[in-house]
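These are the residues of each chain, in order.
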Amino acid sequence: MDRRPGVPWARGVVALLTAAWLIGALVLLGWMFTIGLDGWADQHSDQGVGADALARKANVALLFLAAEVVAGPAVIAVVARGGLLRRTAAVYLVIALGLGVLAVPIAAGAYRDLAPAPPPPPPPTICQEHSGGDTRCPGG
């Protein structure tokens, strides 16, 4: 088993990246909270015209949050591994995988709401004669 100590800069960089990851998650959660407050205000106003725009904003914020909570620990794990902090890298990799399992279904739902499936094609219009010789077909 290799017992080399970690690179001197590794602990500081991992600590800074961890702080940046947590602060980024808090900022995105704050953004989602303000979107929720805007939705609440829009729901209780008489206009109610911004619901679609707020839903789109909320889905974008949810995608950003899902990407940030998974990518942050993954990047920290790579930096820790590069700095010879193997246990730290393993811990952050497990965190990234665990949060990824939780975030993927949420992100998939948000993405589906952002890019909904196209509507089904309209049924074909068929010109049909009715009894009595009356044809009301478009174009004659």
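Above this note sits the structure.
Treat the numbers as computed from the prediction; the structure is a model and nothing was measured. (Residues numbered from 1 in each chain as written. Predicted model: local features only at pLDDT ≥ 70, side-chain atom pairs only at ≥ 80, totals over all residues. Heavy atoms only, no water.)

This next bit is on the overall build of the protein. Tallying secondary structure elements over the protein gives 3 helices and 0 strands in all. For the protein, the α and β elements follow one another from N to C terminus as α-α-α. Out of the 140 residues belonging to the protein, those deemed buried represent 23%. When contacts within the protein are restricted to residue pairs at least 6 apart in sequence, those whose partners lie at least 24 apart make up 75%. Surface summary for the protein: the accessible area is close to 10200 Å², and the carbon and sulfur share equals 68%. (Helix = DSSP H or I, 4+ residues; strand = E, 2+ residues; numbered from the N terminus. Buried < 20%, exposed > 50% of the residue type's maximum accessible area, 1.4 Å probe, protein only. Contact = heavy atoms within 4.5 Å. Areas by Shrake-Rupley, 256 points an atom, 1.4 Å probe, with all protein chains shown as cover.)

What follows covers the environment of Gly-72. Counting through the fold element by element, Gly-72 comes out in helix H2 (residues 51–82). Judged by relative accessible area, Gly-72 falls into the buried class, the value being 16%. Taking the C-alpha atoms as reference points, Gly-72 and Trp-21, 51 residues apart in sequence, are found 5.6 Å from one another. Residues in contact with Gly-72, not counting those within four places in the same chain, are Trp-21 and Ala-67.

Their axes nearest at 13 Å, the elements helix H1 (residues 10–43) and helix H3 (residues 86–114) cross at an angle of 20°. In terms of their interaxial angle, H1 and H3 are classed as roughly parallel. Note that H1 runs across H3; the crossing there is left-handed. Residue-level inspection shows Val-14, Thr-18 and Trp-21 of H1 in contact with H3, the latter providing Thr-88, Tyr-92, Ile-95 and Leu-99. Considered class by class, the residues forming the contact of H1 with H3 number 5 nonpolar, 2 polar and no charged. (Axes fitted to C-alpha atoms, helices over the stretch in contact; angles between N-to-C directions. Parallel < 35°, antiparallel > 145°, perpendicular 65-115°, else oblique. Left-handed = near helix turned anticlockwise from the far one by under 90°. Nonpolar A, V, L, I, M, F, W, Y, C, P; charged D, E, K, R; others polar.)

This part takes up the side chain of Asp-42. Positionally, Asp-42 belongs in helix H1. Despite being buried, Asp-42 has no salt bridge partner; Lys-57 is the closest side chain of opposite charge, sitting 11 Å away. Reaching out from Asp-42, the side chain makes a polar contact with the backbone nitrogen of Ala-51 at a distance of 3.4 Å. (Lys, Arg positive; Asp, Glu negative; His and termini not counted. Salt bridge = Lys/Arg side-chain N within 4 Å of Asp/Glu carboxyl O. Polar contact = N/O pair within 3.5 Å; in protein donor to acceptor, adjacent residues only side chain to side chain.)

Residue placement: Val-60 occurs in helix H2. Residue classification places Val-60 among the partly exposed positions, given a relative accessible area of 26%. Each C-alpha atom of the pair Val-60 and Tyr-111 lies 8.2 Å from the other, and the pair is 51 residues apart in sequence.

On to the nonpolar core. With 13 residues, the main nonpolar core has Val-14, Trp-21, Val-69, Ile-76, Ala-80, Leu-85 and Tyr-92 as its most contacted residues. Breaking this core down by element, the ones donating at least two residues are H1, H2 and H3. If we ignore the near neighbours within four places in the chain, the residues touching Val-14 are Ile-76, Val-79, Ala-80, Leu-85, Thr-88 and Tyr-92. (Core = buried A, V, L, I, M, F, W, Y, C linked by side-chain atoms within 4.5 Å.)

If you check H1, its first and last C-alpha atoms are 49 Å apart, about what 34 residues at 1.5 Å a residue would give, namely 50 Å. Along H1, the residues classified as buried are Ala-10, Val-14, Thr-18, Trp-21, Ala-25, Leu-28, Ile-35 and Asp-42. (Expected span 1.5 Å × (residues − 1).)

In this model, H3 (29 residues) spans 39 Å end to end at C-alpha, consistent with the 42 Å of a helix rising 1.5 Å per residue. Considering bend angle alone, the principal kink of H3 is centred on Ala-103 and spans about 35°; proline Pro-105 follows within four residues of it. Within the span of H3, buried status applies to Ala-89, Tyr-92, Ala-96, Gly-100, Ala-103, Ala-107, Gly-109 and Ala-110. Against the buried residues of H3 lie H1 and H2. (Bend = angle between axes of the 7 residues up to and from the residue.)

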